[in-house]
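Descriptive analysis of the structure
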Amino acid sequence: MKIAVCVKQVPDTWAEKKLRDDDSTLDREAADGVMNELDEYAVEEALRLAEANGGEVVVVTMGPERAAETVRKALSMGADAGVHLVDDSLHGSDALATSYALAEVLAARNFDLVIFGSESTDARMSVVPAMVAERLGLPQVTFAQKVDVDGSKVAIQRQTEYGYDDVEAELPAVVSVVEKINEPRYPSFKGIMAAKKKPVETLTVADAGLDAAKLGATAAWTKVASFAARPPKAAGTVVTDEGDGGAKIATYLTEQKFV
Amino acid sequence: MSMDFSIPAELTELRGAFADFLEREVRPLEQEYTREYWGPSLDPEAATPLISQVRRRSADAGFYAPYLPEAAGGHGLSVLGTTLLVEDAAASGMRLAMVAVAPPNPAGPSTLLLKLPAHLWSTYVLPVATGHQTMCFALSEPEAGSDAQSIRTQAVLDGDEWVINGTKHYITNGADANFAIVFAVTDAQKRAAGGITAFVVPREQYRVGQIQYNMSDSHPAELFFDNARVPADHVIGEVGMGFLEAMSFLNAGRAYIGAQALGLAEFCLTSAAEHTRSRTAFGKPLAKFQGVSFPLARSKVDIEAMRWLVYHLAWRVDTHQDALAIMGDASITKYATTEWAYEVADRALQAYGGMGLMREGPIERVLRHLRMLRVVEGASEVQLLVIARTLGL
């Protein structure tokens, strides 16, 4: 079985994120880059499926040069090979353009299963897995908290507000996973050393045969019109308890229409 | 030019993975259990199951005893790599992190165990490499501390078994260990020069005496060997060569002690700097008084000096075969790092004022531990003795 895991480098979850003044895109230089946390679960699930069923795990990313660190991390965890799409013309691509680029790269490589984290911590849209599946004409089984592959079928438990749905699809298919699914492993020293010898294919937009007109900020269907810094925290209201603190708080909550 | 101070990329990557492990898996346990186990009513034994849990989890994740070769359940990590992990664990400020890598805590697998015959590895090496068991290092005796070759514990060969008699004390992890590496006299004439042998002795062959409560958070114990018997193959290396075998691993041990002192010093300085930036007195942050900021600046100088002594020693152990040639560097590093780290912690405590004295504050425990490091594993004066010898004195 040939499994692709799509991963994204995002600014460190705990870092203060900001937008660039020149083009209103996320300032990726301002903070350390880390693998999107949910993508670690996706890598782990791919590795477990490959260990259980046999097969190869290829990690795929689109991003600036330093996103290669994220490919390397996945290889250190145990993935077999990497594909890194990197090109200045990709900068500013929206979800639709990203799904176009990823779908083309994936289509050229014939995977049985494509696994995504269900969202990225920077954009939080959760739409790329579905868009990629649609572009590839493949079934999408998303928000999986459990994945089983049996022959030509993939069965998942789709996490819902009330519990889960059992969903099945024929392979090839696109799956996105939630954090409930597993405990991602840490890259071990042995894994880190082994990763140095694993192949990473670095592609430009031209190498991947992509149409540059469909990529980047100018092709984006959405645009950040303007942005402003979060206003500084205002001083709170202090309620002094003189035996009537409870009543005062209740009055305040009523006035603010909280209750 | 062969001088290169850069840390190899793979070690930086490993540190990143270890940092994730500490934050995700150790920090929550540390926060949940700190009050219960390390609060004002100190009950160190109660924390034993928690410490075992962290040890095993770290072994599963690939960070425990990583310096062991793969055949012994390790990762073949260099002394420099292990040193960096020990430093990072200490710098995290978490008590539980200090057990996650193993050294310099003698509960973890000593590389001396690799000198056991191969058929004993499944009994004595793999269980400690995977964190399922722990060991202790039984050298000190009531009448032999720094002067280790004056030990009185004796071992006599009786048929195909060694019979060991004597008393060990101040043995870290003595009460909990599954077995002990025991140093005993096998030739009273030769002593250090071929008359002291290291044995591995399982727990059922010796008796644990008093727990010896000291100023640190982990309390050593007395061990009594009263006709303890071990098969003839339970010898580490050659009979009579216990001290020489131990010496060849001592240099790495000094690097790990130095790394722990360095990490703890970093933790103290980071904490104190943060405190003085946020704490206001006389109308401005403490950090704005030079009487407060200059001692912390001095600590920064000490820390950078410690760092390069430790990394350099680790690099020498990794790249030089001759253990004796490195002993001077090892002693310089052990002496300097433990003495300076103690001063760094003391200045940090002073910057915290009253809070620095509190059991619940961040510094008090570290200061106690660092005070201990100036005594154990070769007291500072023993290090000076070794350094003086390198000067021909």
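Rules used in this analysis
For every chain, the first residue of its written sequence is number 1, and the numbers climb from 1 along that sequence. Here chains are named by letter from A upward and ligands by number from 1 upward, in the order in which they appear as written. It should be noted that, the model being predicted, local features are given only for residues of pLDDT at least 70 and side-chain atom pairs only at 80 or more, the latter also being counted only at that level, while totals for whole chains, interfaces and linings use all residues. Only hydrogens and water are set aside when side-chain values are computed; all heavy atoms of the structure are taken into account. A run of DSSP states H or I qualifies as a helix once it reaches four residues; a run of E qualifies as a strand once it reaches two. Both are numbered from the N-terminal end. The reference for a compact globule is 2.2 Å times residues^0.38; the radius of gyration itself is calculated from the C-alpha atoms. Per-residue accessibility, obtained with a 1.4 Å probe over protein chains only, is compared with the maximum for each type, and a residue is labelled buried under 20%, exposed over 50%, and partly exposed between these values. Contact between two residues is taken to exist if any of their heavy atoms lie within 4.5 Å; hydrogens are not considered. Computed with a 1.4 Å probe, the accessible areas rest on the Shrake-Rupley method; for each residue, only the protein chains presented here act as cover. Under the counting rule used here, the positive set is Lys and Arg, the negative set is Asp and Glu, and His together with the chain ends is not counted. Lysine's charge is taken at NZ, arginine's at CZ, aspartate's at CG and glutamate's at CD. Patch membership is restricted to residues that have no salt bridge and whose relative accessible area is over 30%. Joining uses 9 Å for like charges and 5 Å for the nonpolar side chains Val, Leu, Ile, Met, Phe, Trp and Tyr. Salt bridges are defined by distance alone: a side-chain nitrogen of Lys or Arg within 4 Å of a carboxyl oxygen of Asp or Glu. Note that domain bounds follow an automatic or database assignment of domains. For any pair of parts, buried area is found by adding up, for both, the accessible area (1.4 Å probe) each one loses once the two are put together. Strands qualify as paired when DSSP identifies two bridges or more between them. To get an axis, fit a line to the C-alpha atoms, keeping to the stretch in contact for a helix; angles then go from 0 to 180 degrees between the N-to-C directions. The term nonpolar core refers to a set of buried residues drawn from Ala, Val, Leu, Ile, Met, Phe, Trp, Tyr and Cys, joined through side-chain atoms within 4.5 Å. Pairs of N or O atoms within 3.5 Å make up the polar contacts considered here, provided that, within protein, one atom can donate a hydrogen while the other can accept it, and that residues adjacent in sequence are counted only when both atoms are side-chain atoms. Residues are grouped as follows: nonpolar covers Ala, Val, Leu, Ile, Met, Phe, Trp, Tyr, Cys and Pro; charged covers Asp, Glu, Lys and Arg; every other residue, Gly included, is treated as polar. Any angle between 65 and 115 degrees counts as roughly perpendicular, while under 35 counts as roughly parallel, over 145 as roughly antiparallel, and the rest as oblique. For any pair of crossing helices, the crossing counts as left-handed if the nearer helix is rotated counterclockwise from the farther one by less than a right angle, and right-handed if it is rotated clockwise. In this scheme, a helix's expected span is set at 1.5 Å multiplied by one less than its residue total.

Here we come to the overall build of chain B. Within chain B, the secondary structure is distributed over 11 helices and 10 strands. For 393 residues, the compact-globule estimate of 2.2 N^0.38 gives 21 Å, and the C-alpha radius of gyration of chain B, at 21 Å, lies within 12% of that figure. Taken across its 393 residues, chain B has 52% of its residues classed as buried. Taking contacts inside chain B between residues at least 6 apart in sequence as the whole, the part at least 24 apart equals 73%. Carbon and sulfur atoms make up 55% of the accessible area of chain B, which totals about 17,400 Å². When the 33 positive and 44 negative side-chain charges of chain B are each reduced to one mean point, those points stand 7 Å apart.

Looking only at helices and strands, one finds 7 helices and 11 strands in chain A. When contacts within chain A are restricted to residue pairs at least 6 apart in sequence, long-range pairs at least 24 apart make up 70% of them. As displayed, chain A offers around 14,000 Å² of accessible surface, 51% of which is attributable to carbon and sulfur atoms. Here chain A holds 28 positive side-chain charges and 42 negative ones, and the gap between their average locations is 2 Å.

All names here are of chain A. On the surface, Leu19, Val224 and Phe227 cluster together to form a nonpolar patch covering roughly 220 Å² of accessible area. Along the chain, Phe227 turns up in the loop between α6 (216-219) and α7 (245-255). Since its relative accessible area comes to 38%, Phe227 is described here as partly exposed.

In this section: the pattern of salt bridges. Scanning all chains against the criterion turns up 39 salt bridges over all chains. A salt bridge links Asp148(A) to Lys146(A), with the nearest nitrogen and oxygen atoms 2.8 Å apart. In this structure Lys146(A) comes out as partly exposed when scored by relative accessible area, which is 37%. By sharing partners, the salt bridges in this structure join Arg15(B), Glu87(B), Asp88(B), Glu266(B), Lys300(B), Glu304(B) and Arg307(B) into a single network.

For the rest of this paragraph, the subject is the domain arrangement of chain B. Residues and elements named next belong to chain B. Each assigned domain of chain B is listed here: domain 1 (9-110), domain 2 (135-240) and domain 3 (249-390). On a C-alpha basis, the centres of domain 2 and domain 3 stand 31 Å from each other. Listed by partner, the interface residues are 4 residues for domain 2 and 6 residues for domain 3. Summed over both sides, the interface between domain 2 and domain 3 buries roughly 470 Å², with carbon and sulfur atoms accounting for 60% of that surface.

Looking now at the sheet that holds strand β1 (residues 2-7) of chain A. Residue and element names in this part refer to chain A. The 9 strands lie next to each other as β9-β8-β7-β10-β6-β1-β4-β5-β11, forming an open sheet whose pairing is mixed. For this open sheet the edge positions go to β9 (164-170) and β11 (200-203), each flanked by a neighbour on one side alone. Pairs of neighbouring strands in the sheet enclose a mean axial angle of 30 degrees, with direction left out of account. Contacting β1, β4 (56-62), β5 (81-85) and β11, helix α2 (residues 68-77) runs over the sheet at an angle of about 165 degrees to β5.

One finds Phe18(B), Phe21(B), Phe183(B) and Leu370(B) to be the most contacted residues of the largest nonpolar core, which totals 95 residues. Take this core: its biggest share by element is 15 residues, from helix α6 (residues 242-278) of chain B.

So, about α2(A). With 7 of 10 residues buried, α2(A) is to be regarded as a mostly interior element. In the segment just after α2(A), Gly78(A) is the residue with positive phi, at about 140 degrees.

All names here are of chain A. Where burial is concerned, most of β1 is hidden: 5 out of the 6 residues are buried. Across 6 bridges, the pairing between β1 and β4 is parallel. Bridge assignment links Val5 to a residue of β4, and that residue is Val59. In the sheet, β1 pairs with strand β6 (residues 113-117) via 4 bridges, with the strands oriented parallel. Residue pairing across strands places Ile3 opposite Leu113, the latter belonging to β6.

On to the interface of chain A and chain B. With 14 residues of chain A in contact, the opposing surface of chain B contributes 16 residues. A buried area of about 1,300 Å², summed over both sides, lies between chain A and chain B, and 56% of it is on carbon and sulfur atoms. Of the charged contacts in the structure, one is a salt bridge between Glu70(B) and Lys190(A), with a shortest N-O distance of 3.9 Å. Counting the contacts that link chain A with chain B gives 5 residue pairs in polar contact (both at pLDDT 80 or more). The set of elements that each furnish at least two residues to the side of chain A that touches chain B consists of α1 (37-53), α2 and α5 (189-195) of chain A. Of all the elements, α5(A) adds the most residues to the side of chain A that touches chain B, at 4 residues. Its residues placed into classes, the side of chain A that touches chain B shows 5 nonpolar, 2 polar and 7 charged.

Here we come to unusual backbone geometry. Most of the time, phi is negative for any residue but glycine, and the peptide bond is trans. Between Leu171(A) and the following residue, Pro172(A), the backbone shows a cis peptide bond with an omega angle of -5 degrees. Mapped onto the secondary structure, Pro172(A) falls in the loop between β9 and β10 (173-177). The amide bond that connects Pro103(B) to the next residue, Pro104(B), takes the cis arrangement and shows omega of 0 degrees. Even without a glycine there, the phi angle at Ser24(A) is positive, about 60 degrees.

All names here are of chain B. As a packed pair, α6 and helix α7 (residues 290-319) sit with axes 9 Å apart at the nearest point and diverge in direction by 155 degrees. Between α6 and α7, the angle is such that the two are roughly antiparallel. Judged by the twist between their axes, the crossing of α6 over α7 is left-handed. Taken together, the residues that form the contact of α6 with α7 break down as 18 nonpolar, 4 polar and 4 charged.

Between the first and last C-alpha of α6(B) there are 53 Å, a value that for 37 residues agrees with the 54 Å anticipated at 1.5 Å per step. Counting buried positions along α6(B) gives 27 out of 37 residues, so the element sits mostly inside the fold.

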